[in-house]
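Chain residues, written in single-letter form:
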Amino acid sequence: MDEATILWRRIRPDWVQYNEGIAKIKSQAFQNQDQVYHAFSAHDSEVAERLGIVVQAILSDFPGYGMVSITVGDALALNQKVEPFSDDTDDPTHVHVIGKKTRPVRRAFAEAAKWIVEPSSAG
Amino acid sequence: MKTRRKTSSAPHALSKRWTPLPWCYSYGQSSASTSEAVVSQDAVRSFERIVQVAIETDDSSGLGKFKEIENEIVGYSEMPAGWDSYNSKKVSFKAIELATMLAGFIFQEFKLIPVPAPMSSGGVSLEYVSEHIELEFEIFDRSNVTVSLLNTQTDELIEYTKPILDVFDEPRVYEFLSNDN
């Protein structure tokens, strides 16, 4: 996977802190999901674009959620691996960002992430 | 160790005062011992002081903000499994109870209010952030709390996982909390 490849990740409103109207992502948005995969999930934007899947489609079942982008390079720089999550046969864009997520790692992801869609409070 | 406030308190004393409320013991596999029951009575009185101290000092805005955060944490119990949209676990009742107790204790001792967040793994995170130091408690259950203390200037990280009763054993945690008022 190329370092420039953009990954998308849905962000629940609980993971956002507002300071003077600016949405700041909490580092917990980049915590590993469990101790099985040691990973958080994201979506490969190149695969999505090839399949004609747009951001709005990935968000469509999750009203109020936001979407951020990071790059594969961001993950590699933090000693993480990015691999397609082949167990998810329903979503070919699904990838795992694998590796230990210490606080500095999560913080760096939160700082690197760029908003594509900000969450709404209705979520 | 120098502190700007609460100079009469030492880390060891803080650890001794920190006792989660009795209902957290109900999740243990064995029933509470006599000594635990005695400690729990102290804990009840300690908790009652949280409200009392806040009222006596007329710190209504601080208490109001704390209650808001406490309600936010309690609200995590209403989120179903998969709430993060990526197969997350339901936030456990244990984690919610312990997080509100720990936040309450720190509010009582230091008048600090955390930034909470639910965790995909089913826990609750409490963050206390100053200009250069970030303290985080990741609370899963009473025997499993990960504490991270990060100096963002030097990138020095102290990280350990302990039972909730022992989270204040690291002196620098106390030092940060007492200096960050």
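Residues numbered from 1 in each chain as written. Chains lettered and ligands numbered in written order. Predicted model: local features only at pLDDT ≥ 70, side-chain atom pairs only at ≥ 80, totals over all residues. Heavy atoms only, no water.

1. Some words on the overall build of chain B
- Tallying secondary structure elements over chain B gives 5 helices and 5 strands in all.
- Counting from the amino terminus, chain B carries its helices and strands in the arrangement α-α-α-α-β-β-β-β-β-α.
- The 181 residues of chain B split such that 48% are buried.
- Here the contacts in chain B between residues at least 6 apart in sequence split such that 54% fall between residues at least 24 apart.
- For chain B, the exposed surface amounts to about 8800 Å²; the carbon and sulfur share of it is 51%. (Helix = DSSP H or I, 4+ residues; strand = E, 2+ residues; numbered from the N terminus. Buried < 20%, exposed > 50% of the residue type's maximum accessible area, 1.4 Å probe, protein only. Contact = heavy atoms within 4.5 Å. Areas by Shrake-Rupley, 256 points an atom, 1.4 Å probe, with all protein chains shown as cover.)

2. Here we look at the pattern of salt bridges
- What the rule picks out here adds up to 16 salt bridges over all chains.
- For E136 of chain B, the salt bridge is made with R103 of chain A, and the minimal N-O distance between the two is 2.8 Å. Placement of the pair is E136 of chain B in strand β3 (residues 133-141) and R103 of chain A in helix α4 (residues 103-112), with the two residues belonging to separate chains.
- Here E136 of chain B ties to R106 of chain A by a salt bridge, and the two come within 2.9 Å at their closest N and O atoms. Taken as a pair, E136 of chain B in strand β3 and R106 of chain A in helix α4 lie in two separate chains rather than in one. (Salt bridge = Lys/Arg side-chain N within 4 Å of Asp/Glu carboxyl O.)

3. Some remarks on the layout of surface pockets
- What the largest pocket holds in volume is close to 430 Å³.
- The wall of the largest pocket is formed by 18 residues, among which Q31 and Q35 of chain A together with E138, F140 and T146 of chain B lie closest to the centre.
- Counting only elements with at least two residues in the lining of the largest pocket, the list comes to β3, β4 (144-151) and β5 (157-162) of chain B.
- With 3 residues, the single largest contributor to the lining of the largest pocket is β5 of chain B.
- Within the lining of the largest pocket, the residues separate by chemical class into 3 nonpolar, 9 polar and 6 charged.
- Taken together, 16 residues make up the lining of the second largest pocket; nearest its centre are K24, I25, S27, R107 and A110 of chain A.
- When residues of the lining of the second largest pocket are assigned to their parent elements, the largest contribution, 4 residues, is made by α4 of chain A. (1 Å grid on protein atoms, 1.4 Å probe; cavity = no way out; pocket = protein on both sides within 12 Å on 5 of 7 lines; lining within 4 Å. Points joined across faces, edges and corners; volume = space filled by probe spheres on them. Nonpolar A, V, L, I, M, F, W, Y, C, P; charged D, E, K, R; others polar.)

4. Some remarks on the pairing of strand β5 (residues 66-71) of chain A
Residues and elements named next belong to chain A.
- Taken across its 6 residues, β5 has 5 buried, putting it largely inside the fold.
- Summarising the sheet, β5 and strand β8 (residues 114-117) pair through 3 bridges and their orientation is antiparallel. Within β8, the position partnered with S69 by the bridge is K114. (Pairing = 2+ DSSP bridges.)

5. Side note on the sheet that holds β3 of chain B
Residue and element names in this part refer to chain B.
- Strand order in the open sheet formed by 5 strands is β1-β2-β3-β4-β5, and the pairing between neighbours is antiparallel. Looking at the sheet topology across the chains shown, the edges are occupied by β1 (115-118) and β5. Neighbouring strand axes in the sheet, compared pairwise and without regard to direction, differ in orientation by 15 degrees on average.
- Judged from the 4 bridges that link them, β1 and strand β2 (residues 124-129) form a sheet pairing that is antiparallel. Across the sheet, the residue bridging to A117 is S125, located in β2. (Axes fitted to C-alpha atoms, helices over the stretch in contact; angles between N-to-C directions.)

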